[in-house]
Amino acid sequence: MSLTRHFIRTLSTQNVRVISREVQQALSNRQPVVALESTVITHGMPHPSNVHMAVDLEAIVRNNGAIPATIGVLDGCIHVGLEKSEIERLADPNLKHFKVSRRDLSFVLSQGYSGGTTVSATMLCAHKAGIPVFVTGGIGGVHRDGEDTMDVSADLSELGRTPVAVVCAGVKSILDIGRTLEVLETNGVTVATLGDSDDFPAFFTQTSGHKSPHHVTSIQDCAALINASVNAGIDSGIVIAVPIPEHAAIDGEEIDQAIQLALKEARAENISGKDVTPYVLKRVNESTKGRSLQANISLIKNNATVGSQIAVSLAKLRDSGCAGKRRSCEQGKKQSINKPTSCPGGPVVVGGAIIDFMAKITSSNIMLEGTNPGRIMTSFGGVARNIAECMARLEVDPLFISAVGPDLHGLKLKENFKQVGMVGTSN
């Protein structure tokens, strides 16, 4: 799917998702947008640090040339882009807020509840809105002793099926980082460390003792990585691991001792599942006399800076008309066959998309007013759709606009759009 265009989908007849006017306008104008999660507001930091941090993150994104889109759930509605008053509401410790992962979205929406979206839910919502870059503190992973408890974060499976680039400080230190990297590999997730070293960071520390599968040295390389993944139609996500700034890092041995103590206490109190991470982070912060919280704030602000710069670079790369490697435009000039380009400003096709049904009786003895054996065949049609498909197969990259229903046949049409390389917008 081309990042120069986006899909605004109606999830159902009910108003279950709201995209703020600022974010929607930015997406329509192909401006860089950065998604931000809200679990860090509802469950990750104490009040009022959570409010200050959320507001500061949005300011950092703006100062680096992008538009922030903090994602959360309010009264059974997904909000892509929050007002300050809505952030303050999610941060209020006196109100009940759910920790909303992908598995919880349907329930929370159906009951009209509010909550902060985790990495997995934020990725899903960002992708549905057409936002390719998402900034967070650190991703979830395989919990320590996960081989016995089978406690594995939904973040990992989401990364394996949702094409969003997640800019983070690696995996949270409280987790089993080695096994987490193995699961990411199994799920086909591209993992790359940004910086001078290929060491994979461990949230509070710059190194984890593990190496990243890949290594990029610049913001431009990160943007090219995302762009190449989109152009190749890869449906899995990307982890861009950004080490915590050196001045904010905590000694590895000290943080590990604090984590071990917190995990021991969590087991003693029978704390499990999604409650483990916020409990352990709280106890680690207490053990380090608040230094882990300051490190957390520092690393996520650094991630916001880097992620915004990546989003800006990605937008420039897409607008440049070079779809693929940075030298692809120059290489195209040397081709012996002049192929149509996929530069912005290509043709727009507006019209119908249909499915033709053809029924054929297979028996030679036809029974009138009775039942006859046969078969039904389907094919995709519609004059506008056919023209758009021809253009797509010629690599012209048209924008196809049509009305498609939310039923099974509509889903088949949308899947066909992807298979033939068509980019479209539908309602």
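Structure shown above.
What you see is a predicted model, and the numbers here were worked out from it, not measured in a lab.

**Q** Give a description of the pairing of strand β3 (residues 67-74) that names residues and reports values.
**A** Buried residues dominate β3, accounting for eight of its eight residues. Every second residue of β3 is oriented toward a common face, with Ile67, Ala69, Ile71 and Val73 on one face and Pro68, Thr70, Gly72 and Leu74 on the other, all of them buried. Pairing of strand β2 (residues 33-36) with β3, which is carried by four bridges, proceeds in the parallel orientation. Of the residues in β3, the one forming a bridge with Val34 is Pro68. Pairing geometry for β3 and strand β4 (residues 77-80), over four bridges, is antiparallel. Residue Leu74 lies in a different strand from β4, and its bridge partner there is Cys77.

**Q** Break down the pairing of β4 for me, with residues and values.
**A** Side-chain alternation along β4 places Cys77 and His79 on one buried face and Ile78 and Val80 on a second face that is also buried. Of the strand pairs in this sheet, strand β1 (residues 17-19) and β4 are connected by three bridges, and their pairing is parallel. By the bridge assignment, Arg17 is partnered in β4 with Ile78. Counting the residues between successive antiparallel strands, the hairpin from β3 to β4 contains two residues, one of them, Asp75, with a positive phi of roughly 50°.

**Q** A description of helix α1 (residues 21-28) should follow, citing residues and the corresponding values.
**A** Turning to α1, its buried residues are Val23, Ala26 and Leu27. All buried residues of α1 fall inside an arc of 100° around its axis, so they share one side. Its buried side turned inward, α1 meets β1, β2, β3, β4 and α6 (119-129). Taken from the residues just after α1, Arg30 is the one with a positive phi, measuring 60°.

**Q** Describe in detail the packing of aromatic side chains, supporting the description with residues and values.
**A** In total, this model carries four aromatic pairs according to the counting rule given. Ring geometry for Phe107 and Tyr113: centres 5.9 Å apart, planes at 55°, overall tilted.

**Q** Explain the nonpolar core to me, using residue names and the numbers behind them.
**A** One finds Val23, Val80, Ile131, Ile139, Ile226 and Ile240 to be the most contacted residues of the largest nonpolar core, which totals 104 residues. By residue number, the principal contributor to this core is helix α13 (residues 291-319), which donates eleven residues. With residues up to four places along the chain from it excluded, the contact list for Ile226 reads Val133, Ala165, Ile238, Ile240, Ile310 and Leu314. In terms of nonpolar packing, the next biggest core, distinct from the first, is built from nine residues, Ile355, Ala384, Ala388 and Leu413 among them.

Conventions used here
Residues numbered from 1 in each chain as written. Predicted model: local features only at pLDDT ≥ 70, side-chain atom pairs only at ≥ 80, totals over all residues. Heavy atoms only, no water. Buried < 20%, exposed > 50% of the residue type's maximum accessible area, 1.4 Å probe, protein only. Helix = DSSP H or I, 4+ residues; strand = E, 2+ residues; numbered from the N terminus. Pairing = 2+ DSSP bridges. Arc of directions from axis to C-beta. Contact = heavy atoms within 4.5 Å. Phe/Tyr/Trp six-rings, centres within 6.5 Å; stacked < 30°, edge-to-face > 60°. Core = buried A, V, L, I, M, F, W, Y, C linked by side-chain atoms within 4.5 Å.

Just geometry here; none of it tells us what the structure is for.
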